[in-house]
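Working through the structure, step by step
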Amino acid sequence: MTSVFAPGRVNLIGEHTDYTGGLVLPMALDSGITITGQHNDTGRLVLSSSQFDEPLDVALPIGGDVTTLQPVWGRYLASAAQQVGLARGFEGEIESTLPAGGTGLSSSSALACAALLLFGGDADRTELAKTARSIEFAATGVNSGLMDQLSVLNGVAGHALRIDCGSLDIAPVPLPDDVEVLVFHSGQPRMLADSEYNERRATCEAIEALIGPLREATLDQVSALDDPTMVKRGRHVVRENARVDAMIEAFTSGDLSLAGEILEDGHRSLSEDYEVSTPIVDAQQQRVAAMPGIYGARLTGGGFGGSLVALAEPGTTLEIDEWWMRARPGQGATLSD
Ligand code: GLA
C-alpha cells in the first residue's frame, strides 16, 4: 500500500505576479488530498473519489489526448500517469479534506502533484511542479504560473513561502505567533475563466514587449504606457511585488496592523487595477475587513470568485454564512510506502 498527501494552498500576498517572474507569499494548508492505493498487474488505472460518484477506470499506458476523458477530475490523474509512463496498473482511493468546488485553494494542483509523486516517485520538486503545471494547463487551458504547484510541493509547517518566481528560489518565512490566518469563501464559486486569466497574462506579456520584464519595471515606466489598461495592469504587478517584501517586513517587526493594511491595498489593487474581483467578492471583503479582530482581508488566488484570506487576532470568529476555516501553514506533499 502506498499513500500520498498533497495540501491545498492559500496565497497571503503576491497575486498575479508569478507568471511574470515576480514575488509571491503563499503557504501550504494542513488540509489537502490523500491518494492511497497499490500498484498491480491489471494494466488499468482505477481510482475512486470520496467527493465524486463516477470512478476513473482507464487502460494503461495512456496514449493520446486526455482532455476528453471522463470523469473530468480523472484527467489530472490520467495525464500524470501518461507523463511518468505508468504501465503496470494501479488501484486506489482519493480523499479530500479541502472544501469541494470553486474555492480557489488549489485542489487541482494538489491532485496533479499527488498523482505525479504516487505514480512516478519523489524527484526534484521544482521539476515536479513544472510537470504538474503542464498537466493542469492541458486539462483546463489556464496558462498559470508556478505558485500553486511550488507551494503544494514545498510547504513548511508554521511558515509561509517567499517564492521568487524568476529564480524559483524558495525561502520559508515564519508566521508571527500572535496572528491567525482565516480563509473564507466569497459566496461566489471561483470561475478561473480561461479567457480572463489568459487575457491578463497576455496583457502582461504585451507590456513586457514594450518595457522589458515587469519584475524590474518601475511605477514611472508603467505609468508612461499609452494604453490605460496596460497602465493599470502593470501598476498592479509592480506594486504587488513590493507588497510581498513589505508583508515579510511587517511579519518580522510584528506590525500586524501594517500587515492588514498591505492586505487591504492588495485587494483594492486586484479589484480596481487588475480587475479580477467581482461585486460579490468586494462586498464579502468589506464585510469581513470591518469585523472585530480582523487586521485586513483580501481576495486570494486567481479571482473571479473563490476564497478570501484575512489576518486576524487569535480566536477571532467570522460571522458569515459562507464556509470559513482557520488555516495553519502545513507541510508540503509527502509520499509514504
Ligand atoms: C491561479 C494560478 C497561479 C497564480 C494565481 C494568481 O491560482 O494558478 O499560478 O497566477 O492564480 O496569483
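Because the structure is a prediction, the values reported are computed rather than measured.

Glancing now at the environment of Ser108. Looking at the element boundaries, Ser108 is found in helix H2 (residues 107–120). Under the relative-accessibility criterion, Ser108 is labelled partly exposed at 21%. On a C-alpha basis, the gap between Ser108 and Ser144 in space is 12 Å, while along the polypeptide they are 36 residues apart. When sequence neighbours within four positions are dropped, the list of residues in contact with Ser108 reads Tyr76 and Glu136.

Before going further, it helps to spend a moment on unusual backbone geometry. Note that the residue after Leu60, namely Pro61, is joined by a cis bond; omega there is -10 degrees. Checked against the element boundaries, Pro61 lands in the loop between strand S4 (56–59) and helix H1 (74–84). Residues Gln70 and Pro71 are joined by a peptide bond in cis, for which omega reads -10 degrees. Unusually for a residue other than glycine, His16 sits at a positive phi of about 55 degrees. Here His16 lies in the loop between strand S1 (2–13) and strand S2 (23–39). Judged by relative accessible area, His16 falls into the buried class, the value being 4%. At Ser106, a position not held by glycine, the phi torsion is positive, near 65 degrees. Secondary-structure assignment places Ser106 in the loop between strand S5 (90–96) and H2.

To continue, consider the side chain of His185. Checked against the element boundaries, His185 lands in strand S8 (residues 180–185). For His185, a relative accessible area of 11% gives the class buried. If we skip the residues at most four places from it in the chain, His185 touches Gly102, Thr103, Gln284, Gly306, Ser307, Leu308, Glu322 and Trp323.

With domains assigned, the protein is organised as domain 1 (2–173) and domain 2 (176–327). Averaged C-alpha coordinates put domain 1 and domain 2 at centres separated by 24 Å. Between domain 1 and domain 2 lies a buried interface of about 3,100 Å² when both sides are counted; carbon and sulfur atoms form 62% of it. Considering only the side of domain 1, the residues that lose the most area to domain 2 are Ile13, His16 and Tyr19, jointly responsible for 22% of the buried surface there. Where domain 1 touches domain 2, the interface holds three salt bridges. For the pair domain 1 and domain 2, the number of links is 20 residue pairs in polar contact (both at pLDDT 80 or more). Elements represented by at least two residues in the side of domain 1 that touches domain 2 include exactly S1, S2, helix H3 (125–140) and strand S6 (159–164). Among the elements that make up the side of domain 1 that touches domain 2, the one with the highest residue count is S2 (six residues). Residues of the side of domain 1 that touches domain 2, tallied by class, amount to 13 nonpolar, 17 polar and six charged.

Helix H8 (residues 256–273) packs onto helix H7 (residues 228–253) with a crossing angle of 165 degrees between their chain directions and a minimal axis gap of 10 Å. One way to sum up the angle between H7 and H8 is to call them roughly antiparallel. Note on packing geometry: the crossing formed by H7 with H8 is left-handed. Residue-level contacts link Lys232, Arg233, Arg235, His236, Arg239, Glu240, Arg243, Ala246, Met247, Ala250 and Phe251 of H7 to Leu256, Leu258, Ala259, Ile262, Leu263, Asp265, Gly266, Ser269, Leu270, Glu272 and Asp273 of H8. Of the residues belonging to the contact of H7 with H8, the class tally is 10 nonpolar, three polar and nine charged.

In the vicinity of the ligand, the contacting residues are Arg9, Glu15, His16, Asp18, Tyr19, Ser144, Gly145, Met147, Asp148, Tyr197, Gly301 and Gly302. Take Glu15: an N or O atom from its side chain is 2.6 Å from an oxygen atom of the ligand. Note that an oxygen atom of the ligand is positioned 3.0 Å from one of the backbone N or O atoms of Gly145. In the complex, the protein chains occlude 96% of the 310 Å² of accessible area that the ligand would expose alone. Residues of the shell around the ligand, tallied by class, amount to three nonpolar, five polar and four charged. When we break the shell around the ligand down by domain, the ones giving at least three residues each are domain 1 (2–173) and domain 2 (176–327).

The next thing to look at is the nonpolar core. Counting 74 residues, the largest nonpolar core has Leu25, Ile35, Leu45, Leu47, Leu77, Phe119 and Phe251 as its most contacted members. Among the domains, domain 1 (2–173) and domain 2 (176–327) are the pair contributing at least three residues each to this core. The contact partners of Phe251, leaving out residues within four places of it in the chain, are Leu12, Leu25, Val173, Leu175, Pro176, Leu256, Ala259 and Leu311.

Rules used throughout
- Residue numbers restart at each chain and count upward from 1, following the sequence in its written direction.
- Where local features are concerned, this predicted model is filtered to residues with pLDDT of at least 70; where side-chain atom pairs are given and counted, the filter is 80 or more; whole-chain, interface and lining totals use all residues.
- Side-chain calculation: all heavy atoms of the structure are included, whereas hydrogens and water are not.
- Working definition: helices are DSSP H or I runs of at least four residues, strands are E runs of at least two. Numbering for both runs from the N terminus.
- Relative accessibility under 20% of the residue-type maximum defines a buried residue, over 50% an exposed one, and the middle range a partly exposed one, all with a 1.4 Å probe and only protein chains included.
- Should any heavy atoms of two residues lie within 4.5 Å, those residues are considered in contact.
- Just so you know, the domain bounds were taken from an automatic or database domain assignment.
- Throughout, buried area stands for the accessible area (probe radius 1.4 Å) lost by two parts on being put together, summed over both.
- Take a side-chain nitrogen of Lys or Arg and a carboxyl oxygen of Asp or Glu: if they are within 4 Å of each other, that pair is a salt bridge.
- Side-chain atoms alone can form a polar contact between residues adjacent in sequence; in general such a contact is a pair of N or O atoms within 3.5 Å, and within protein one must be able to donate a hydrogen while the other accepts it.
- In this classification, the charged set is Asp, Glu, Lys and Arg, the nonpolar set is Ala, Val, Leu, Ile, Met, Phe, Trp, Tyr, Cys and Pro, and all remaining amino acids, among them Gly, are polar.
- Fitting a line to C-alpha atoms yields each axis, with helices limited to the stretch in contact; the angle taken between N-to-C directions then spans 0 to 180 degrees.
- Between 65 and 115 degrees an angle is taken as roughly perpendicular, under 35 as roughly parallel, over 145 as roughly antiparallel, and anywhere else as oblique.
- Note: crossing handedness is left-handed where the near helix turns anticlockwise from the far helix by less than a right angle, and right-handed where it turns clockwise.
- We call a residue near a molecule or strand as soon as one heavy atom of that residue lies within 4 Å of the molecule or strand.
- Residue-level accessible areas treat just the shown protein chains as cover; the underlying method is Shrake-Rupley with a 1.4 Å probe.
- Buried residues of nine kinds, namely Ala, Val, Leu, Ile, Met, Phe, Trp, Tyr and Cys, make up a nonpolar core once their side-chain atoms join them within 4.5 Å.

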